[in-house]
Amino acid sequence: MVQPVKNTKFDEYLEFPCPFTFKIMGLANVNLTDQILAKLQTIAPGDYAPKVKPSSKGTYESVTLVATVTSKEHIEQIYTEIGNIEDVRYVL
């Protein structure tokens, strides 16, 4: 379980709602992107076009996507929920 993301300063730098880019890195498997999109649809419904890039050895992959966020709490919730997916290693 990932430690919850709290007390960030996103509200000082962003005007909401706004598009926000997330980069998620995790173990390469056939459904990592689907797991991320399924979780994201419950938090921030939308039509996403993720960019997936495998690592040089194929062990990991990065998934980059842009979500429309409505508050700093919304960003924190996305970081926490996506980070709780078993195969996810980092959320940037």
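Residues numbered from 1 in each chain as written. Predicted model: local features only at pLDDT ≥ 70, side-chain atom pairs only at ≥ 80, totals over all residues. Heavy atoms only, no water.

## Some points on the environment of Phe22
Condition: To qualify as a helix, a DSSP run of H or I must reach at least 4 residues; to qualify as a strand, a run of E must reach at least 2; elements of each kind are numbered from the N terminus.
On the secondary structure map, Phe22 appears in strand β1 (residues 18-27). Spatially, the C-alpha atoms of Phe22 and Tyr79 are 8.5 Å apart, while their sequence positions differ by 57 residues.

## Brief notes about the nonpolar core
The condition that has to hold: The nonpolar core is taken to be a set of buried Ala, Val, Leu, Ile, Met, Phe, Trp, Tyr and Cys residues, with the residues joined through side-chain atoms within 4.5 Å. Categorising residues by exposure relies on relative accessible area from a 1.4 Å probe, with only protein chains included: less than 20% of the type maximum marks a residue as buried, more than 50% marks it as exposed, and the intermediate range marks it as partly exposed. The contact definition used throughout considers only heavy atoms, calling two residues in contact when any of these lie within 4.5 Å.
Counting residues in hydrophobic clusters, the biggest one holds 22 residues, and the most contacted among them are Phe22, Ile24, Ile36, Leu40, Leu65, Ile78 and Ile82. Counting residues per element, the ones that place at least two in this core are β1, α2 (32-43), β3 (60-69), α3 (72-83) and β4 (88-91). No other element matches the five residues that α2 contributes to this core. Other than its neighbours up to four places away in sequence, Ile36 contacts Ile24, Val63, Leu65, Ile82, Ile85 and Val88.

## So, α2
In plain terms, the rule: Each residue after the first adds 1.5 Å to the expected span of a helix. By construction, the arc corresponds to the directions joining the helix axis to the C-beta atoms.
In this model, α2 (12 residues) spans 17 Å end to end at C-alpha, consistent with the 16 Å of a helix rising 1.5 Å per residue. Listing the buried residues of α2 in full gives Leu32, Thr33, Ile36, Leu37, Leu40 and Ile43. Each buried residue of α2 sits inside an arc of 125° when the element is viewed along its axis, so together they form one side. For α2, the exposed residues lying more than 90 degrees away from the buried face are Asp34 and Thr42. Taken together, the buried residues of α2 touch β1, β2 (51-54), β3, α3 and β4.

That's the geometry; what it means functionally is another story.
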